[in-house]
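# Summary of structural features
Residue strings, one per chain:
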Amino acid sequence: MVGRTAVGQCGLMSGLRLRRAARTTDWRQRRAERQARLIPISVALAGTIVLAGAVAGGLIRLILSALGPVDLAAIKPSTGEVLEIVKISLAVVAGIGGVVALVVAYRKQRVTEAGENREQAKLYAERFDKASDKLGNDAAAVRLAGVHALAALADDWAGGRQMCIDVLCAYLRMPATPEPAVDDLPSHTAWRSMVEVHATILRLITTHMKADAPIPWHGADLDFTGVVFTADVNFAHAVFSGGKVSFEGAEFSGGKVSFGGAVFSGGKVSFGGAEFTGGKVSFDGAKFSSGEVSFSSVKLSGGNVSFDGAKFFGSEVLFSSVELSGGEVSFGGAVFSGGRVSFGGAVFSGGRVSFGGAKFTGGKVSFGRAKFTGSKVSFGGAVFSGGEVWFGGGRFSAGEVWFGGAKFFGGEVWFGGAKFSGSKVSFHRVGFSGAQVSFGGAEFSGGEVWFSDAEFSRGKVSFGDAKFSGGTVDFSRAAKRHPAVEGLPERAPGLHRPTLPVLDPEEAPESEAGGGMAGHRTGS
């Protein structure tokens, strides 16, 4: 019963898609016929003769004007000259005849091509009909044949490629059927057949999206809205250079889905509202250079999502309102050198997020209004040398945020208006040697914020208008060097000011005064 229900739904979908395809094909044929309409042959020939005569007359007049005034009455041509004039006239007539012949041949070619196009469109429509009928068949083998037939038609028929891809994606969007009991052999066999057809469609699509695909489908729209991914899917080294690709509302509950080394250089790719509950999704080494990629409102409660080594240097990547309650997300070694990456309004209530070793050299990365309520978030060893990193308005109420060993060489890092009420935030051994870091207007009312062994040597670190009313903010082991940390009150609840002496730049060793933090370690 499960298998028959799924097949029946598939047949209904194919029928609706087929009627739409038929209307589309008819419209294409009518348009081709309108484009192939030609003016009557008599009018075309008359116009051609008149035009050719006008051109010949114009040339003769131009030659005569170049020769100057000519007294025709005084000219008495010889017999040879008359023969030459006759030859020229015959040549002109022959030229006009040649032009007429070309016009006739051109019209014949146009008519022939129009006929061939109509026949070709009719052939494509018939192939589409047969492939769609197979896709709605009860037998799995026939459906697989229909899938391959549609993919082959998409390769051959550039004008109908998108329509074929739409049908394949529509099959994937059919409501997922839970796996029936193994002892229910007919239903389980039908379910396995459906899974095999799904896997074949995904394999064909991903193969055509590769950079080295013989006949690529780059730039096509792909609609995976609501599709459930439970097995391995390989988009590695795919090229998303245009069109719209939607994974909105999709569910990744098992297997491995790989976008490793994929190139996002145009168009729009959306994972909005997708749910990651298991398995692994990898964007390792992917390049985001233009266009828009959205993970807005994604829910991650399990599994693993990895952006290790990914490069963000031109596109807009949105993680706005992401909810992380479990699983792991990793940006280890990722490079943010341009474009915009936003985690605005994200909620980190569980699981782990790592930016370990990431490099922020340009562009803007925003965690504005993000809520850290339980996750473990690590920026350990990250390098901030340019661009903007924004935590403005963030809420640190639980969990851990670790910047241990990070280096702030340049750019701007902003914690303005952030509220630290319960989280453990550590800047252990962080080097502030050139960046502009601001905690202006931040509120420290609970939790722990540690700057143990942090080094302040260049740039500017400001706590202007920050409020200290509870919790622990500890600078007691920080190296307060040139310039001094600005805006710290002399006394405040929970605040432990730096105890190490200020090092005057003029008294610093040459290697430190001119080169920042090289060779320096607090407490050594």
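For the structure itself, look to the data block above.
Overview of the structure. (Residues numbered from 1 in each chain as written. Predicted model: local features only at pLDDT ≥ 70, side-chain atom pairs only at ≥ 80, totals over all residues. Heavy atoms only, no water.)

### Some details on the overall build of the chain
- A count of helices and strands for the chain gives seven helices and 30 strands.
- In the chain, once contacts between residues fewer than 6 apart in sequence are set aside, the share between residues at least 24 apart is 70%.
- A total of about 24900 Å² of accessible surface is found on the chain, and carbon and sulfur atoms cover 56% of it. (Helix = DSSP H or I, 4+ residues; strand = E, 2+ residues; numbered from the N terminus. Contact = heavy atoms within 4.5 Å. Areas by Shrake-Rupley, 256 points an atom, 1.4 Å probe, with all protein chains shown as cover.)

### Section: the nonpolar core
- Core analysis: the largest hydrophobic core is formed by 118 residues, its most contacted members being Phe224, Phe259, Phe271, Phe403, Phe451 and Phe463.
- Tallying contributions element by element places helix α5 (residues 161-172) first for this core, with eight residues.
- Beyond its immediate sequence surroundings of up to four residues, Phe271 is in contact with Phe247, Glu248, Phe252, Phe259, Phe276, Phe283, Ser294, Phe295, Ser296 and Val298. (Core = buried A, V, L, I, M, F, W, Y, C linked by side-chain atoms within 4.5 Å. Buried < 20%, exposed > 50% of the residue type's maximum accessible area, 1.4 Å probe, protein only.)

### Let's talk about a negative patch on the surface
- Judged by side-chain charge, Glu119, Glu126, Asp129 and Asp133 come together as a negatively charged surface patch.
- Here Glu119 is to be found in helix α3 (residues 79-135). (Patch = residues over 30% accessible without salt bridge, like charges linked within 9 Å, V, L, I, M, F, W, Y side chains within 5 Å. Salt bridge = Lys/Arg side-chain N within 4 Å of Asp/Glu carboxyl O. Lys, Arg positive; Asp, Glu negative; His and termini not counted. Charge placed at Lys NZ, Arg CZ, Asp CG, Glu CD.)

### Re the packing of helix α4 (residues 140-156) against α5
- Running from N to C, α4 and α5 point in directions that differ by 150°, and their axes come no closer than 8 Å. The pairing of α4 with α5 is recorded here as roughly antiparallel in orientation. In the packing of α4 onto α5, the handedness of the crossing is left-handed. Judged by residue contacts, Arg143, Val147, Leu150, Leu153, Ala154 and Asp155 of α4 engage Arg161, Cys164, Val167, Leu168 and Tyr171 from α5.
- Looking at the contact of α4 with α5, its residues break down into eight nonpolar, no polar and three charged. (Axes fitted to C-alpha atoms, helices over the stretch in contact; angles between N-to-C directions. Parallel < 35°, antiparallel > 145°, perpendicular 65-115°, else oblique. Left-handed = near helix turned anticlockwise from the far one by under 90°. Nonpolar A, V, L, I, M, F, W, Y, C, P; charged D, E, K, R; others polar.)

### Some details on the packing of aromatic side chains
- In the structure shown here, the tally under the stated rule is 83 aromatic pairs.
- Between Phe312 and Phe331, the aromatic rings sit 6.4 Å apart at their centres with planes inclined by 45°, giving tilted as the arrangement. Residue Phe312 is located in strand β14 (residues 311-318), and its partner Phe331 is located in the loop between β15 (323-330) and β16 (335-342); the two are separated by 19 residues in the primary sequence. Here the two residues Phe312 and Phe331 agree in accessibility, since each one is buried. (Phe/Tyr/Trp six-rings, centres within 6.5 Å; stacked < 30°, edge-to-face > 60°.)

### Here's the deal with the pairing of strand β18 (residues 359-366)
- The sheet contact formed by β16 and β18 spans six bridges and is parallel. Paired with Phe336 across the bridge in β18 is Phe360.
- Where β18 meets strand β20 (residues 383-390), six bridges bridge the pair, whose relative direction is parallel. What sits directly across from Val365, in β20, is Val389. (Pairing = 2+ DSSP bridges.)

### Examining unusual backbone geometry
- Within the chain, His237 stands out as a residue other than glycine whose phi angle is a positive 65°.
- Counting through the fold element by element, His237 comes out in the loop between β3 (233-234) and β4 (239-246).
- Phi at Asp453 is positive, roughly 60°, even though this residue is not glycine.
- Relative to the helices and strands, Asp453 resides in the loop between β25 (443-450) and β26 (455-462).
- For Asp453, a relative accessible area of 6% corresponds to the buried category.

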